[in-house]
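A look at the structure
Here are the chains, one letter per residue:
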Amino acid sequence: MSDNFAFILLNWYAKNKRSLPWREEKNPYKIWISEIILQQTRVSQGLNYYIRFIERFPSISSIYEAGEQEVLKYWQGLGYYTRARNIYAAAVYLMENYQGKFPTTYNEILKIKGIGEYTAAAIASFAYQLPYAVIDGNVLRVLSRIFGVYEPIDSTKGKKEIRQLANKLMCKKNPSAFNQAIMDFGATQCAPANPDCKNCCFSNVCYANLHYEQTELPVKTKKIKTRNRYFYYFHISYQNKIYIQKRKSKDIWKGLYEFPLLELDETIDCEKLIAHPAVQNLFTNLNWEILSVSSTYKHILSHQTIIAVFINISVDKAINNADFIPISFDRIADYPISRLMEKYLEKITVMS
DNA sequence: AACACGGGGCG
DNA sequence: CGCCCAGTGTT
């Protein structure tokens, strides 16, 4: 079975591979961008981002010249914004150390910020046919099921076991096709839920299929715990201007812009909010009033749920705070913002 | 080794 | 509502 695994897989791939813009790509730059976009992101979600990104940034130097904020703008809505900031940092690194050319060895590629073992193997194999097996969610699932690996795939030991298996099975004649094939196979045939075992080329040898263990494999141990956060956003109007600020802390949405806010770990009623020291401090030395407390959003994410309350406030003087950027309302489109801010702005734009 | 990091889709 | 997705960096 181990002997002809690659043969069966590549035969399946020849008949069933998906047509994708980066599929036959040999340009390491484009492969890099596609791989970063597809980290923890489905093809259907990332496809248009890839097309628009390559259009706007056709080369490493174009990223270098555009700056981090422009890259974040093209990442807006995709999530995991560290990826975008790392792309910019990596572009600077590649301009300064490699004259804007992508390095050609696995170890050099691995040194680039935002590129880990998976992405380094993907670029090395797709662009240069180097024999490094990719280990992603698909590979972990596919090999765990076919070979009956019960070691948890979110443990170091489980990953190591799968990696050794993958490197043994890899088609050394065509690492690029082998890697893309096993991931396409995982994405379409051996899907996480409801895998199509009836029409599978491995149905007669697959451990999970033969033992009806498809829903048990792969094994995972860690469970994600979530917390609630309460964001009180101030939509402040002053002389046809609004205030925004950049998120700088090591936290969600770092580098994106938003309204000034008070964050709490529990709900608070309106009178308490007005009396809150942080709010009082925000509006010192000026007259202000709450126009409305209308929009409330429950923004559910993987590790946290953000309950956001948007409060419309008018002030009679400019707010003196170095972090606040006064802009006219329609210029907010120039700044990268979160989906939560997008939803709010969309709603009030429709209303007006 | 555990955790944080987004957003969307699916059962 | 929980799980998953062409994972990586930090602690």
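Residues numbered from 1 in each chain as written. Chains lettered and ligands numbered in written order. Predicted model: local features only at pLDDT ≥ 70, side-chain atom pairs only at ≥ 80, totals over all residues. Heavy atoms only, no water.

As for the overall build of chain A
Scanning chain A for helices and strands turns up 15 helices and eight strands. Its C-alpha atoms give chain A principal-axis dimensions of about 80 × 50 × 35 Å. Expressed as a percentage of the 352 residues in chain A, the buried residues total 49%. Residue pairs in contact within chain A that sit at least 24 positions apart in sequence constitute 66% of those at least 6 positions apart. For chain A, the exposed surface amounts to about 18400 Å²; the carbon and sulfur share of it is 49%. (Helix = DSSP H or I, 4+ residues; strand = E, 2+ residues; numbered from the N terminus. Buried < 20%, exposed > 50% of the residue type's maximum accessible area, 1.4 Å probe, protein only. Contact = heavy atoms within 4.5 Å. Areas by Shrake-Rupley, 256 points an atom, 1.4 Å probe, with all protein chains shown as cover.)

Brief notes about the packing of aromatic side chains
Counted under the stated rule, the structure contains 25 aromatic pairs. Arranged with centres 5.4 Å apart and planes meeting at 75°, the rings of Phe57 and Tyr74 form a pair that is edge-to-face. Residue Phe57 is located in the loop between α3 (43-56) and α4 (60-66), and its partner Tyr74 is located in helix α5 (residues 68-75); the two are separated by 17 residues in the primary sequence. Overall, Tyr74 belongs to the partly exposed group, its relative accessible area being 24%. Measuring from centroid to centroid gives 5.8 Å for Phe234 and Phe283, while their planes differ by 85°, and the two rings are edge-to-face. Linking Phe234 in strand β1 (residues 227-237) with Phe283 in the loop between α14 (277-282) and β5 (288-292), this pair joins segments that are 49 residues apart in sequence. Relative accessible area serves as the criterion here: at 2%, Phe283 is assigned to the buried category. Members of the aromatic cluster, connected to one another through ring pairs, are Phe231, Tyr233, Trp253, Phe259, Tyr297, Phe310 and Tyr344. (Phe/Tyr/Trp six-rings, centres within 6.5 Å; stacked < 30°, edge-to-face > 60°.)

Here we look at the side chain of Arg141
Along the polypeptide, Arg141 turns up in helix α9 (residues 137-146). The buried charged residue Arg141 lacks any salt bridge, with Asp136 as its nearest oppositely charged partner at 7.1 Å. (Lys, Arg positive; Asp, Glu negative; His and termini not counted. Salt bridge = Lys/Arg side-chain N within 4 Å of Asp/Glu carboxyl O.)

Some details on the protein's contact with DNA strand C
Neighbouring DNA strand C are 26 residues, the closest being Arg23, Gly114, Gly116, Arg141 and Lys250. Sugar and phosphate atoms constitute 71% of the interface atoms of DNA strand C, taking the interface as everything within 4 Å of the protein. Measuring from a phosphate oxygen of DNA strand C, one finds a side-chain N or O atom of Thr119 at 2.8 Å. Those elements that provide at least two residues to the surface near DNA strand C are α8 (117-128), α9 and α11 (175-188). Its residues assigned to classes, the surface near DNA strand C shows seven nonpolar, eight polar and eleven charged. (Near = heavy atom within 4 Å. Polar contact = N/O pair within 3.5 Å; in protein donor to acceptor, adjacent residues only side chain to side chain. Nonpolar A, V, L, I, M, F, W, Y, C, P; charged D, E, K, R; others polar.)

With respect to the protein's contact with DNA strand B
Taken together, 23 residues sit near DNA strand B, with Arg42, Thr156, Trp253, His303 and Arg339 positioned nearest. Restricting attention to atoms of DNA strand B within 4 Å of the protein, one finds that 56% of them are sugar or phosphate atoms. A distance of 3.2 Å is found between a base nitrogen of DNA strand B and a side-chain nitrogen or oxygen belonging to Gln45. For DNA strand B, a phosphate oxygen lies 2.9 Å from a polar atom in the side chain of His299. For the surface near DNA strand B, the residue count by class is six nonpolar, twelve polar and five charged.

Concerning the nonpolar core
Ranked by size, the top nonpolar core spans 94 residues in total, and within it Trp32, Ile33, Leu143 and Phe259 carry the most contacts. Those residues in contact with Phe259 that lie beyond four places of it in its chain are Tyr233, Phe234, His235, Ile242, Tyr243, Ile244, Gln245, Phe310, Ile332, Met341, Tyr344 and Leu345. (Core = buried A, V, L, I, M, F, W, Y, C linked by side-chain atoms within 4.5 Å.)

From the geometry alone we can't say anything about function, so treat these as descriptive.
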